[in-house]
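In case you want the letters, here they are:
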Amino acid sequence: PPSTHVDEPVRRNVGAAIATGLVLGVITLIMFKIGSVAALVLVTLVITLAAMEAFAAFRRGGYHPITLLGVVATISVMVATYNKGQAALPLVIVLLVVFSFLWYLAGVERGDAVGGTATTMFVFSWVAVFGSFAALLLNPTLFPQRHGIAFLLGAVITGIAYDVGALVIGAWLGKHPLVPSVSPNKTWEGFVGGALAAILVAVAVVHAIHPWTVGKAAVLGLVVAVVAPVGDLCESLVKRHLGLKDMGRLLPGHGGVLDRIDGLLFVLPATYYLVKAFHLG
């Protein structure tokens, strides 16, 4: 069963968290300014690190995902979707399933082949497939004239706004647990604060990034206000099952990479389909 420490309040180094956030923000803006290839390199690195954390977390939890194949598949799906679009997704998924079976048939990994393959596919689907929508947004064929960079930047800015708003308001006013059986430290007050922050920042900031408009940025804010907390709670559900407080410790003051992009993973596909629905591309 999960260890009880998952219910204990998280004590973060606020100074380290702010410094880490500022550094990551500057790096992101620089890479996005350079162009879509540089942005792809950055998002591929982030998604790969997040996947590696998830694979390691499941291994600590007693599961046996095929980390090497999962990491290779993660990098492959990011590059392939950037170059070939959504048509690349089924090919990478099929290849990962086939090579996972072959991995066990060849005796490279022994043990529960079904459990190992299932865990590998779960992490890949959750982190890599969701993350590949960032590569789809950056695809210059689908979204030329750097529009894809604008769409992805809008998603990132709005997602971060939700996280900051939820953290600040939740810490200040939070009294009513949102889903106590999953994450007793997340509150309805934090959810409302994050939702308002996402909508306000989308309207005030994202709309200025062409080709976003005020109305469409507002819709983005509403979408993020719904899907970001779902992504956050889903990661909490996984961490509770594994008995973990954080997925990793790579980012000072924040925990792991996956801990910071859990909500964004759900924001990415939502933003992609929102852009397609509005014909912004």
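Note that the structure is a prediction, hence the values are computed from the model and not measured.

Peer 1: What exactly am I supposed to notice about the overall build of the protein chain here?
Peer 2: If you tally the helices and strands in the protein chain, you get nine helices and two strands. When the elements of the protein chain are put in sequence order from the N terminus, they spell out α-α-α-α-α-α-β-β-α-α-α. In terms of C-alpha radius of gyration, the protein chain reaches 19 Å, essentially the compact-globule figure of 19 Å for 281 residues. In terms of overall dimensions, the protein chain has a C-alpha envelope of 55 × 45 × 30 Å along the principal axes. Considering only contacts within the protein chain whose residues lie at least 6 apart along the sequence, 73% involve residues at least 24 apart. Summed over all atoms, the accessible surface of the protein chain reaches about 13,300 Å², with 73% contributed by carbon and sulfur.

Peer 1: Would you mind showing me how to read the confidence of the model for the protein chain here?
Peer 2: In low-pLDDT segments, the atomic positions of the prediction should not be examined closely. Summarising the model, the protein chain shows a mean pLDDT of 91, and 93% of its residues fall at 70 or more. The low-confidence segment residues 1-10, where pLDDT is below 50, has 20 contacts with residues more than four positions distant or belonging to other chains.

Peer 1: Can you walk me through the pattern of salt bridges in this structure?
Peer 2: Charged atoms that come close allow side chains of opposite charge to pair. Overall, the coordinates contain four salt bridges when judged by the stated rule. Between Asp232 and Lys186 there is a salt bridge whose closest N-O contact spans 3.8 Å. On the criterion of sequence distance, the pair formed by Asp232 in helix H8 (residues 214-242) and Lys186 in strand S2 (residues 183-187) is long-range, its members being 46 residues apart. Overall, Lys186 belongs to the partly exposed group, its relative accessible area being 23%. In this structure, Glu235 engages Lys239 in a salt bridge whose closest nitrogen and oxygen atoms are separated by 3.6 Å.

Peer 1: Sorry, what's going on with helix H9 (residues 257-278) here?
Peer 2: Owing to its 3.6 residues per turn, the α-helix brings residues three or four apart onto one side. Across its 22 residues, H9 extends 31 Å between first and last C-alpha, which sits within 8% of the 32 Å expected from 1.5 Å per residue. Along H9, the sharpest change in direction is near 40 degrees and occurs at Gly263. Counted residue by residue, H9 has 16 buried out of 22 residues, so it is predominantly covered. Two residues or fewer after H9 comes His279, characterised by a positive phi angle close to 55 degrees.

Peer 1: What's the story with the side chain of Glu109 in this structure? I'm lost.
Peer 2: By secondary structure assignment, the location of Glu109 is in the loop between helix H4 (88-105) and helix H5 (113-138). When sequence neighbours within four positions are dropped, the list of residues in contact with Glu109 reads Arg59, His64, Trp103 and Tyr104.

Peer 1: Please clarify how the packing of helix H3 (residues 67-84) against H4 should be interpreted in this entry.
Peer 2: For any two helices packed against each other, one specifies the crossing angle of their axes together with the interaxial distance. Their axes nearest at 9 Å, the elements H3 and H4 cross at an angle of 165 degrees. Overall, the two elements H3 and H4 adopt an arrangement that is roughly antiparallel. Where H3 crosses over H4, the two elements pack in a sense that is right-handed. Of the residues in H4, those in contact with Leu68, Leu69, Gly70, Ala73, Val77, Ala80, Thr81 and Lys84 of H3 are Ala88, Leu89, Val92, Leu96, Phe99, Ser100 and Trp103. Tallied by class, residues from the contact of H3 with H4 come to eleven nonpolar, three polar and one charged.

Conventions we followed
- Note on numbering: residues in each chain are counted from 1, in written sequence order.
- Reporting of local features is limited, given that this is a predicted model, to residues whose pLDDT is at least 70; pairs of side-chain atoms are given and counted only at 80 or more, and all residues count toward the totals for whole chains, interfaces and linings.
- Here the side-chain values reflect all heavy atoms present in the structure, with hydrogen atoms and water set aside.
- Only DSSP runs of H or I with at least four residues qualify as helices, and only runs of E with at least two residues qualify as strands; both kinds are numbered from the N terminus onward.
- Each radius of gyration reported is based on C-alpha atoms, and the globular scaling rule is 2.2 Å times the count of residues to the power 0.38.
- Only heavy atoms enter the contact rule, under which two residues are in contact if any of them lie within 4.5 Å.
- Using a 1.4 Å probe, the Shrake-Rupley method yields the accessible areas, and only the shown protein chains count as cover for residues.
- The predictor attaches a confidence to each residue, and that confidence, scored 0 to 100, is pLDDT.
- For this document, the term salt bridge refers to a Lys or Arg side-chain nitrogen within 4 Å of an Asp or Glu carboxyl oxygen.
- In this scheme, a residue with accessible area under 20% of its type's maximum is buried, one over 50% is exposed, and one in between is partly exposed, where area comes from a 1.4 Å probe on protein chains only.
- A helix is expected to reach a length of 1.5 Å times the quantity of its residues less one.
- One axis fitted to the seven residues ending at a residue, another fitted to the seven starting there: the angle between these axes is the bend at that residue.
- Think of each axis as a best-fit line through the C-alpha atoms, taken over the contacting stretch in the case of a helix, with angles from 0 to 180 degrees between the N-to-C directions.
- Just so you know how the angles are binned, under 35 degrees is roughly parallel, over 145 roughly antiparallel, 65 to 115 roughly perpendicular, and the rest oblique.
- Each crossing gets its handedness from the near helix: less than a right angle anticlockwise from the far helix is left-handed, clockwise is right-handed.
- Put simply, Ala, Val, Leu, Ile, Met, Phe, Trp, Tyr, Cys and Pro go in the nonpolar bin, Asp, Glu, Lys and Arg in the charged bin, and everything else, Gly too, in the polar bin.

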